[in-house]
Amino acid sequence: MSKTVIVSVDRKSPAEEQGVQAGETLKKVNGHDIVDVLDYKFYTYDPVLTLTLERDGVTREVSVNKAEGEELGLNFETYMMDSPRSCANHCIFCFVDQLPKGLRETLYFKDDDARLSFLMGNYITLTNLSPREAQRIIDLHISPINVSVHATERSLRCKLLGHRNAGAGIDLMKRFADAGIQMNCQIVSCPGINDGVHLQKTLDDLAAMYPGVNSISVVPVGLTKHRQGLYPLEPYTEETAGAVVDMVEEFAEKSLKTLGTRLAWCSDEFYLQAGREIPEDAYFEDYTQLENGVGMLRLLRTEFDSAYALAEETRAVPFSIATGVACAPFLEEIVDKAAGKCHTKGKVYPIINRFFGETITVAGLITGGDLIDQLQGKELGQRLLIPVNMLRHGQDVFLDDVTIAQVEQALGVPVTPVNQDGFDLCDAIFGG
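Bear in mind that the values here come from a model prediction, so they are computed numbers and not experimental data.

Undergrad: Sorry, what's going on with the sheet that holds strand β8 (residues 145-148) here?
TA: In a beta sheet, neighbouring strands pair by backbone hydrogen bonds and run either parallel or antiparallel. Ordered by their spatial adjacency, five strands build an open sheet running β7-β8-β9-β10-β11, and the pairing between neighbours is parallel. Because the sheet does not close on itself, it has two edges, and the strands there are β7 (123-124) and β11 (264-266). When strand β9 (residues 183-189) meets strand β10 (residues 213-220), the two strands line up parallel, connected through seven bridges. The partner of Ser189 across the bridge, within β10, is Pro220. The strands touched by helix α8 (residues 238-259) are β9, β10 and β11; relative to β11, the strand with the most contacts, the crossing angle is about 155°.

Structural data, given as structure tokens:
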């Protein structure tokens, strides 16, 4: 079946009002071929549309008038209207390769799909991009896109990505920059491989593409205990992490003077590994790289302080917070401050990651099993707060398929997921 076959039409939608029916295939919009969701989203944005539909070899055209940007109301077999593009790389630091066996199948799928970069914010390497898709990004001015760069030296990028044509991605980035496409870039930094002088060259090369390169995040490689047979990599130490932070901050200050933006930032995890204070709010400018953990803790504290200033004194229901080892001290400071008005001193429990290994210290990779094992018998108060990113997006399931209900039953307290937002955290602490 064609991926552009309409499986349902929303009630009272512009498409239903003009008689578009399930079972018809959407072939064109205003004369443009519809291949996948990007074509569909782009060409149906306009207020006046002519849809070319086909059923059983018979073609008809339907005119639709709607508000600009209004959804047409068509649903297809898959959101992408096409099969997802799996990754063609064999990155030496790939996190999926470091997963233990027995997890749900979807966790082992590696995507490298440009459409997901634009629509969902996923990072792509550009090695999987066909000439048609590259030209379409330029023609439709699909921007911004998120690019996993890692290195701009071609041979080094080929080594890091495990792909003989990975170096060509740098040429494609220059082509996008020349066409006015904005790119948010990511560098996964591996000790002794693409840091040091290699990192400096990558930063300089990307700065030369500004304003096409809109921002750069530098994040430390994540290493689990399940690396048997994989490329030998070592985690960052306090000293080596500090060297990366120093280099990126020096580059950022120079960029601020020459470009008007710092352009590059280290993730919070680098600061924590280096034993450094996370910079103040203004340092992170527009928080462009928030999804990569850049300034996330600083923004959380800034938002919490604003919410706390407005909070009324109360006696909150006793609570506890479970989080990753890395940010536990940061949350302890917040809980200490909150006690001044909520008159309840919560407890913060740093959860050691037994499932993936103790080198994994972020909250988003904590499993339900580790929560249960390490919190049973502990003083949890009457409720347990957890970051929502411990759970599968939009669901109540942890990475190991343990559910919130199972954790609640094992620990004997209700579990409340809290958004990565200081206002929500303040509400959660004072609420209940």
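Undergrad: Help me understand helix α4 (residues 131-139), please; the structure alone is not making it clear to me.
TA: Since the α-helix packs 3.6 residues into each turn, any two residues three or four apart lie on the same face. Of all the positions in α4, only Glu133, Ala134, Arg136, Ile137 and Ile138 are classed as buried. Immediately beyond the C-terminal end of α4, within one or two residues, lies His141, with a positive phi of roughly 50°.

Undergrad: I would appreciate a short explanation of the environment of Tyr308 in the present structure.
TA: Within the fold, Tyr308 resides in helix α10 (residues 296-310). Here the alpha-carbon distance between Tyr308 and Asp427, two residues 119 residues apart in the chain, equals 9.1 Å. Excluding anything up to four places from it in sequence, Tyr308 contacts Lys337, Ala338, Gly340, Lys341, Cys426 and Phe430.

Undergrad: For this particular structure, what's the right way to read the sheet that holds strand β12 (residues 320-324)?
TA: What the four strands build is an open sheet, ordered β13-β12-β14-β15; its pairing is parallel. Bordering the open sheet on either side are β13 (347-351) and β15 (415-418), each of which pairs with just one other strand. Taken pair by pair, the neighbouring strands of this sheet meet at an average axis angle of 30°, ignoring direction. The pairing of β12 with strand β14 (residues 384-387) spans two bridges and is parallel. Residue pairing across strands places Ser320 opposite Leu384, the latter belonging to β14. Helix-sheet contacts for helix α12 (residues 368-375) involve β12, β13 and β14, and the interaxial angle to β13 is about 125°. The strands that helix α14 (residues 422-430) touches are β12, β14 and β15; relative to β15, the one it contacts most, it runs at about 160°.

Cut-offs and rules
Residues numbered from 1 in each chain as written. Predicted model: local features only at pLDDT ≥ 70, side-chain atom pairs only at ≥ 80, totals over all residues. Heavy atoms only, no water. Pairing = 2+ DSSP bridges. Helix = DSSP H or I, 4+ residues; strand = E, 2+ residues; numbered from the N terminus. Contact = heavy atoms within 4.5 Å. Axes fitted to C-alpha atoms, helices over the stretch in contact; angles between N-to-C directions. Buried < 20%, exposed > 50% of the residue type's maximum accessible area, 1.4 Å probe, protein only.

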